[in-house]
Amino acid sequence: MDVIPSIRQTSALALGRLGDYDVKLAEAIVKAGILPQLICSLPEENRYYKKTAAFVLRAIAKHSPQLAQAIVQCGALEMLVICLEDFDPGVKEGASWALGYIARHNPELSQAVVDAGAVPLLVLCIQEPEIALKRIAASTLSDISKHSPELAQTVVDAGAIAHLAQMISNPDAKLKRQVLSALSQIAKHSVDLAELVVEAEIFPVVLTCLTDSDEYVKKNGATLIREIAKHTPELSQFIVNSGGVAAVIDCIGSCKGTVRLPGIMTLGYVAAHSENLSMAVIVSKGIPPLCVCLIEEHEDHIKAAAAWALGQIGRHSAEHARHVAVANVLPTLLDVFMDTHSSEDLKMKTKKALKNILQKCTHFPALEPLLHDAPPSIMKYIIGQFSKVLPHDSKARRLFVTTGGLKKVQEIKAEPGSLLQEYINTINNCYPEEIVRYYSPGYSEMLLERVENYQPVL
């Protein structure tokens with residue numbers, strides 16, 4: 001409350017640093033009733049004080065929804081919106097930053113920021129020449145849009161998409177990150193919003209982001225493509241036609257870790273929509289990099305995403321499953337499923353992927369090795385496929401005997417009347433009875449016993 005502006009400003013800065021450091025200190029500042037004093041004189045203050053006051057509000061709001069709510073209750077939003085119209089870009093930046101930290105917590109706080117009239121002013125801020133201001137304003141629009149279709153719609157209605165789309169080709173990496181993030185948060189909610197983003201002609205320029213030197217630009221670019229691809233076959237087809245799938249596959253091959261994740265998910269979503277789209281992923285050589293992710297990645301959730309995507313590619317037809325099987329994916333999935341270190345979620349996803357692919361797979365050389373390693377929960381799907389193939393293929397029947405498949409089947413203990421037992425019976429019915437008996441466990445001992453008990457005819 002000092003009369004000298006520099007003292008007021010320095011004390012506010014000290015409060016901001018305290019509040020920024022620790023949630024308990026932030027709570028203490030709110031309890032001490034300092035915020036109303038900080039805000040009440042804001043419009044008359046100089047730009048340095050305004051920047052500092054915005055920093056204090058941001059520092060407190062970042063910790064929790066409760067603290068952000070306390071800031072809203074003391075009337076800070078109206079003051080911050082006034083600051084968004086300030087002549088000084090630094091003041092606008094500070095205000096935008098504080099509004100973003102309030103909006104990011106939950107839909108209610110985000111709605112409060114919208115109701116205060118911030119969105120149109122933020123859209124004006126992204127058109128300003130200063131890069132730092134553009135970045136923060138784009139980030140705040142992203143924080144507002146992420147919670148619900150209605151909030152994203154308010155950002156769209158203010159004309160944000162066209163301006164954001166123009167900035168995808170900006171050379172500044174940090175700005176591109178925020179712009180791609182904001183477009184993703186808009187596109188994710190609904191088909192209509194995703195179509196509006198696509199209509200802003202973000203393709204093919206967004207594909208250049210997938211080869212960017214900045215990892216976050218890559219990741220956010222792939223995330224934007226994923227959020228569009230997931231909605232409809234038509235949007236996925238548009239991405240394929242723009243060369244998006246090939247670009248995503250290259251991106252997965254050229255990076256490691258979580259940067260790969262949105263790309264992996266994109267391939268899964270595209271392939272899930274239809275047989276033709278799945279074939280587009282196969283033709284673009286999407287299977288090998290996904291298999292590499294299963295082997296190379298250390299994080300279980302990335303492996304799980306790769307397993308899910310492979311399952312989506314292979315689940316459509318025998319042809320799709322054959323492409324996945326030929327790439328040696330099935331033993332890799334099985335290894336991950338059997339690995340004691342795999343998380344429950346990863347085991348569940350790999351099992352589902354194996355089931356999806358196996359139920360369509362009729363490619364004999366890929367199925368046969370699995371017979372010797374698969375646990376009972378997977379075995380029934382493998383045996384099920386053999387029971388479909390063997391009755392109609394004499395070459396396969398012969399091969400099944402010589403590779404030890406028939407012997408393995410006789411060793412499986414199935415519940416009488418179960419589906420597995422039915423499959424085994426179907427397979428056994430493909431062979432003469434003495435062959436089946438010959439490969440049944442204990443048959444050789446029985447023969448030897450007969451030899452021992454045999455009385456020679458002299």
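Presented here is an overview of the structure given in this document. All values derive from a computational prediction rather than experimental measurement.

**Quick word on the overall build of the protein chain**
If you tally the helices and strands in the protein chain, you get 32 helices and zero strands. For the protein chain, whose C-alpha radius of gyration is 31 Å, the value lies well above the compact-globule estimate of 23 Å for 458 residues. Referenced to the eigenvectors of the C-alpha coordinate spread, the extents of the protein chain come out at roughly 130 × 45 × 35 Å. Evaluated residue by residue, the protein chain yields a buried proportion of 51% over its 458 residues. Long-range pairs, those at least 24 residues apart, make up 70% of the contacts in the protein chain between residues at least 6 apart in sequence. Carbon together with sulfur atoms contributes 54% to the accessible area of the protein chain, which is approximately 21300 Å² in total.

**Quick word on the pattern of salt bridges**
The tally for this structure, following the rule as stated, stands at 18 salt bridges. Note that Glu-296 and Arg-260 form a salt bridge whose closest N and O atoms lie 3.2 Å from each other. Of the two residues, Glu-296 sits in helix α21 (residues 287–296) while Arg-260 sits in the loop between α18 (244–254) and α19 (261–273), which places them 36 residues apart along the sequence. Each of Lys-256, Arg-260, Glu-296 and Glu-297 takes part in salt bridges that share partners, so that together they form one network.

**Quick look at α18**
Looking only at α18, the buried set comprises Gly-244, Val-245, Ala-247, Val-248, Ile-249, Cys-251 and Ile-252. The elements touched by buried residues of α18 are α15 (205–208), α16 (215–229), α17 (233–241), α19, α20 (275–283) and α21.

**Structural notes on the packing of helix α13 (residues 173–187) against α16**
Running from N to C, α13 and α16 point in directions that differ by 15 degrees, and their axes come no closer than 9 Å. Judged on the interaxial angle alone, α16 and α13 are roughly parallel. Handedness of the α13/α16 crossing: left-handed. Residues Ala-173, Lys-176, Arg-177, Leu-180, Ser-181, Leu-183, Ser-184 and Ala-187 of α13 pack against Tyr-216, Val-217, Asn-220, Gly-221, Thr-223, Leu-224, Glu-227 and Ile-228 of α16.

**Section: the packing of α21 against helix α24 (residues 329–338)**
Interhelical geometry of α21 versus α24 gives an angle of 25 degrees and a closest axis separation of 10 Å. What the angle tells us is that α21 and α24 run roughly parallel. In the packing of α21 onto α24, the handedness of the crossing is left-handed. Contact residues: α21 offers Ile-287, Cys-291, Leu-294 and Ile-295, while α24 offers Val-329, Thr-332, Leu-333 and Val-336. For the contact of α21 with α24, the per-class residue count stands at seven nonpolar, one polar and no charged.

**Some remarks on the side chain of Ser-148**
Among the secondary structure elements, Ser-148 is positioned in the loop between α10 (131–145) and α11 (149–157). For Ser-148, the side chain forms a polar contact with the main-chain nitrogen of Leu-151, separated by 3.2 Å.

**Considering the nonpolar core**
Formed by 155 residues in total, the largest nonpolar core has its most connected members in Ile-102, Leu-164, Ile-228 and Phe-400. No other element matches helix α22 (residues 300–314), which puts eight residues into this core. Those residues in contact with Leu-164, other than ones at most four positions away along the chain, are Ile-126, Ala-138, Val-179, Ala-182, Leu-183 and Ile-186.

**Section: the environment of Met-79**
Summarising the element assignment, Met-79 is placed in helix α6 (residues 76–84). Along the sequence, Met-79 and Gln-69 sit 10 residues apart, while their C-alpha atoms lie 15 Å from each other.

**Examining a negative patch on the surface**
On the surface, a cluster of negative charge is made up of Asp-192, Glu-195, Glu-199 and Glu-234. With three residues, helix α14 (residues 191–199) is the largest single contributor of residues to the negative patch. Here Asp-192 lies in helix α14.

**Re the packing of aromatic side chains**
In total, this model carries seven aromatic pairs according to the counting rule given. For the ring pair Tyr-269 and Trp-308, a centre distance of 5.3 Å and an interplane angle of 75 degrees mean the geometry is edge-to-face. Linking Tyr-269 in helix α19 with Trp-308 in helix α22, this pair joins segments that are 39 residues apart in sequence. For Trp-308, a relative accessible area of 22% translates into the label partly exposed. With a centroid separation of 6.2 Å and an interplanar angle of 85 degrees, the aromatic rings of Phe-364 and Phe-400 are classed as edge-to-face. Linking Phe-364 in helix α26 (residues 364–367) with Phe-400 in helix α28 (residues 394–402), this pair joins segments that are 36 residues apart in sequence. A relative accessible area of 0% means that Phe-400 is categorised as buried. Through a chain of ring-to-ring contacts, the aromatic side chains of Phe-364, Phe-386 and Phe-400 assemble into a single cluster. Taking the ring centre of Tyr-101 as reference, the NZ or CZ of Arg-58 above it sits at 6.0 Å. Sitting over the face of the ring of Tyr-101, Arg-104 holds its NZ or CZ atom 4.3 Å from the ring centroid.

**Re the environment of Leu-175**
Following the sequence through the fold, Leu-175 ends up in helix α13. Here the alpha-carbon distance between Leu-175 and Leu-133, two residues 42 residues apart in the chain, equals 9.5 Å.

**Brief notes about unusual backbone geometry**
Excluding glycine, residues mostly have negative phi values, and the peptide bonds linking residues are mostly trans. Following Phe-203, the chain continues to Pro-204 via a peptide bond in cis, the omega torsion being 0 degrees. Mapped onto the elements of the fold, Pro-204 is located in the loop between α14 and α15. Notably, Asn-328 is not glycine yet its phi reads approximately 65 degrees, a positive angle. If you trace the backbone, Asn-328 turns up in the loop between α23 (318–326) and α24.

**Topic: a positive patch on the surface**
Together, Arg-315, Lys-351, Lys-352, Lys-355, Lys-360, Lys-380 and Lys-388 make up a positively charged patch on the protein surface. Where the positive patch is concerned, the elements lending two or more residues are α25 (344–358) and α27 (376–389). Here the positive patch gets three residues from one element, more than from any other, and that element is α25.

Criteria and thresholds
- Residues numbered from 1 in each chain as written.
- Predicted model: local features only at pLDDT ≥ 70, side-chain atom pairs only at ≥ 80, totals over all residues.
- Heavy atoms only, no water.
- Helix = DSSP H or I, 4+ residues; strand = E, 2+ residues; numbered from the N terminus.
- Rg over C-alpha atoms; globule rule 2.2 N^0.38 Å.
- Buried < 20%, exposed > 50% of the residue type's maximum accessible area, 1.4 Å probe, protein only.
- Contact = heavy atoms within 4.5 Å.
- Areas by Shrake-Rupley, 256 points an atom, 1.4 Å probe, with all protein chains shown as cover.
- Salt bridge = Lys/Arg side-chain N within 4 Å of Asp/Glu carboxyl O.
- Axes fitted to C-alpha atoms, helices over the stretch in contact; angles between N-to-C directions.
- Parallel < 35°, antiparallel > 145°, perpendicular 65-115°, else oblique.
- Left-handed = near helix turned anticlockwise from the far one by under 90°.
- Nonpolar A, V, L, I, M, F, W, Y, C, P; charged D, E, K, R; others polar.
- Polar contact = N/O pair within 3.5 Å; in protein donor to acceptor, adjacent residues only side chain to side chain.
- Core = buried A, V, L, I, M, F, W, Y, C linked by side-chain atoms within 4.5 Å.
- Patch = residues over 30% accessible without salt bridge, like charges linked within 9 Å, V, L, I, M, F, W, Y side chains within 5 Å.
- Lys, Arg positive; Asp, Glu negative; His and termini not counted.
- Charge placed at Lys NZ, Arg CZ, Asp CG, Glu CD.
- Phe/Tyr/Trp six-rings, centres within 6.5 Å; stacked < 30°, edge-to-face > 60°.
- Lys NZ or Arg CZ within 6 Å of the ring centre and 35° of its normal.

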